[in-house]
Amino acid sequence: MAVTSRMRHVIESQQFSRALLEELFARAEEIKREPHRFMGRLAGQVMAALFYEPSTRTRLSFEAAMLRLGGQTMGTDNAREFSSAAKGETLEDTIRIVSGYADVIVVRHSEEGAARRAAAVSDVPIINAGDGPGQHPTQALLDLYTIRAELAKIDGVRVAMVGDLANGRTVRSLTYLLSKFKDIKLWFVAPPQVSMRDDLKAHLDEHNVPYTETQDLDAVLPEVDVVYMTRIQKERFTDPAVYDAVKGIYRIDKNAMGRMRKYGVLMHPLPRVDEISPEVDDDPRSAYFRQARNGLHIRMALLDRLLS
Ligand code: CP
């Protein structure tokens, strides 16, 4: 399911070539600069959003992207309860039906692999908006776009991924994208209970991307260009004792910011709980709100690429 010149489904970050990433980033910049040129591009097309898990940014930025391109949207929040899934309908049957009504379907689901299952039966493009602890490829697109915007480069960046790396679909997708660039160095900062999974480390070994695993955030902060914080995801833990043992383990406050590089960048896919203190929101290095806003332009570029 490689994404090359003809893009169909968007399931995982590995699909994106470096050339396609550059093309999407250039289109997102064009959209940001001259939005009027893209108005009406997707007139007459319909996007369905099926969200089986909660969302603020992904759901609303996809809807705003489609509307700003002149298309229309429909869908269901809390699809587990408010779609016929509540009556026992399978994801596959729901997708077969909705693909007869829409030109593209954006799916968020709690099960890893759900987007791939949806793509297997869909007549229209499926976009993975997060499949459990699997991947969140469009978040990775906006994350990488943000790194490029903040640092004016991607090659050579040094990135620390911090927090719930075992369950973090955003760190997984971003790591796959970063592995396509040159001279990347990664730090995985997590307690052993939620350390980075072996499949991703094997991918990095295969692509000769050096990484360091550590629990010591303080030691890593001065070493990196980007600190990518993540939430410890309570909803992914089956054992509350394990969650209690790791919750609140890392927190960026003014003191921690003082250890970061002068031109470092603090990112977070959001929502945050307590891992970034609001006291650092006004620090120019805090990029997480700019990062979320970039999601609109990247998703506009992606929808335009898929549908126009
Ligand atoms: N970053 C992200 O996926 O946010 P939402 O869960 O609000 O969509």
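Residues numbered from 1 in each chain as written. Predicted model: local features only at pLDDT ≥ 70, side-chain atom pairs only at ≥ 80, totals over all residues. Heavy atoms only, no water.

**Quick look at the site of the ligand**
Here is step 1 of the chain: Inspection of the region around the ligand gives Ser-55, Thr-56, Arg-57, Thr-58, Arg-108, His-136, Gln-139, Pro-269 and Leu-270 as its neighbouring residues.
Here is step 2 of the chain: At a separation of 2.9 Å, an oxygen atom of the ligand approaches a polar side-chain atom of Arg-108.
Here is step 3 of the chain: Leu-270 is positioned with one of its backbone polar atoms (N or O) 3.0 Å from a nitrogen atom of the ligand.
Here is step 4 of the chain: Computed on the free molecule, the ligand has an accessible area of 260 Å², of which 91% lies beneath the protein chains in the complex.
Here is step 5 of the chain: Class assignment of the residues belonging to the shell around the ligand gives a composition of two nonpolar, five polar and two charged.
Here is step 6 of the chain: Among the domains, domain 1 (13–135 + 295–307) and domain 2 (137–292) are the pair contributing at least three residues each to the shell around the ligand. (Near = heavy atom within 4 Å. Polar contact = N/O pair within 3.5 Å; in protein donor to acceptor, adjacent residues only side chain to side chain. Areas by Shrake-Rupley, 256 points an atom, 1.4 Å probe, with all protein chains shown as cover. Nonpolar A, V, L, I, M, F, W, Y, C, P; charged D, E, K, R; others polar. Domains from an automatic or database assignment.)

**Topic: the domain arrangement of the protein chain**
Here is step 1 of the chain: Taken domain by domain, the protein chain holds domain 1 (13–135 + 295–307) and domain 2 (137–292).
Here is step 2 of the chain: Between the C-alpha centres of domain 1 and domain 2 the distance comes to 25 Å.
Here is step 3 of the chain: The partner domain 2 presents 28 residues to the 31 residues of domain 1 that form the contact.
Here is step 4 of the chain: Buried surface at the junction of domain 1 and domain 2, both sides included, amounts to about 2600 Å², of which 55% is carbon and sulfur.
Here is step 5 of the chain: Of all residues in domain 1, Arg-18, Phe-25 and Arg-57 give up the largest surface area on contact with domain 2, accounting jointly for 24% of the area buried on that side.
Here is step 6 of the chain: Linking domain 1 with domain 2 are six salt bridges. (Contact = heavy atoms within 4.5 Å. Buried area = accessible area lost by both parts, 1.4 Å probe. Salt bridge = Lys/Arg side-chain N within 4 Å of Asp/Glu carboxyl O.)

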